[in-house]
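# Secondary and tertiary structure notes
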Amino acid sequence: MNSSDTDQHWMLYAMQLAAKAEAAGEVPVGAVLVKDGQVLGEGWNLSICRHDPTAHAEMQAIRQAGLVLKNYRMLDCTLYVTLEPCAMCAGALVHSRVQRLVFGATDLKAGACGSVFDIVRHPQLNHQLEVCGGVLAEDCARQLSDFFKKRRAEQKALKLQKNAEQTEMTQPQISATADTGDAAS
């Protein structure tokens, strides 16, 4: 497999992990850390379930790989993730010395690997990563946008249901024996 095929293979794997996040009600982001074709760690977003703002997919994969390697350094490793990492995850990638980052969709609001910031290639830091963004970008972006469309539709349906219930409770009850307007003589 050439590097483009390899990147697509692992991004598809990361997308499967993102589907696990979605099944758990989380934002569908998946990540896998690979060295020499072997998975060292994988993860998906768990921030909501774990009540932990650091439980991003990338952090899960890095933590798992550290245990496998018995080392906090991920030398000669590549992280594949469906969404461009945030500042927290980008910092963890630098500290863990991941060699290469491959991401799918860009994050124009919080991306820290080229979109908003570029922490992973900042020249003043003691380590910079090789970055390849946009691998299966449309598929990764669609996975996210479909999730948010579905979530908005569910929230709208709940709001409409709640409004209907409130309206039902506040409307006066009309009695079955209501006056019909006929005068009895």
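For the structure given in this document, a descriptive report is provided here. (Residues numbered from 1 in each chain as written. Predicted model: local features only at pLDDT ≥ 70, side-chain atom pairs only at ≥ 80, totals over all residues. Heavy atoms only, no water.)

Next up on the list: the sheet that holds strand β2 (residues 38-44). If you trace the five strands from one edge of the open sheet to the other, you get β2-β1-β3-β4-β5, paired in mixed fashion. Every interior strand has two partners, whereas the edge strands, β2 and β5 (130-133), have only one. If you compare each strand with its neighbour and ignore which way they point, the axes differ by 15° on average. As paired strands, strand β4 (residues 100-105) and β5 are joined by four bridges and run parallel to one another. Bridged to F103 within β5 is G133. (Pairing = 2+ DSSP bridges. Helix = DSSP H or I, 4+ residues; strand = E, 2+ residues; numbered from the N terminus. Axes fitted to C-alpha atoms, helices over the stretch in contact; angles between N-to-C directions.)

Moving on, we come to the packing of helix α1 (residues 3-23) against helix α5 (residues 137-170). Axis separation between α1 and α5 bottoms out at 11 Å; the angle between their running directions is 10°. One way to sum up the angle between α1 and α5 is to call them roughly parallel. Counting all contacts with α1, which are made through M11, M15, A18, A19 and E22, the residues of α5 involved are D139, C140, Q143 and F147. (Parallel < 35°, antiparallel > 145°, perpendicular 65-115°, else oblique. Contact = heavy atoms within 4.5 Å.)

Because the α-helix completes a turn every 3.6 residues, residues three or four places apart line up on one side. Compared with the 18 Å implied by 1.5 Å per residue over 13 residues, the 18 Å span of helix α3 (residues 57-69) between its first and last C-alpha is a close match. Taken as a whole, α3 has its buried residues at A57, E58, M59, Q60, A61, I62, A65 and G66. Considering only its buried residues, α3 is in contact with β1 (30-35), β2, α2 (47-50), β3 (78-83) and α4 (87-95). Among the residues trailing α3, K70 stands out with phi positive, at a value near 55°. (Expected span 1.5 Å × (residues − 1). Buried < 20%, exposed > 50% of the residue type's maximum accessible area, 1.4 Å probe, protein only.)

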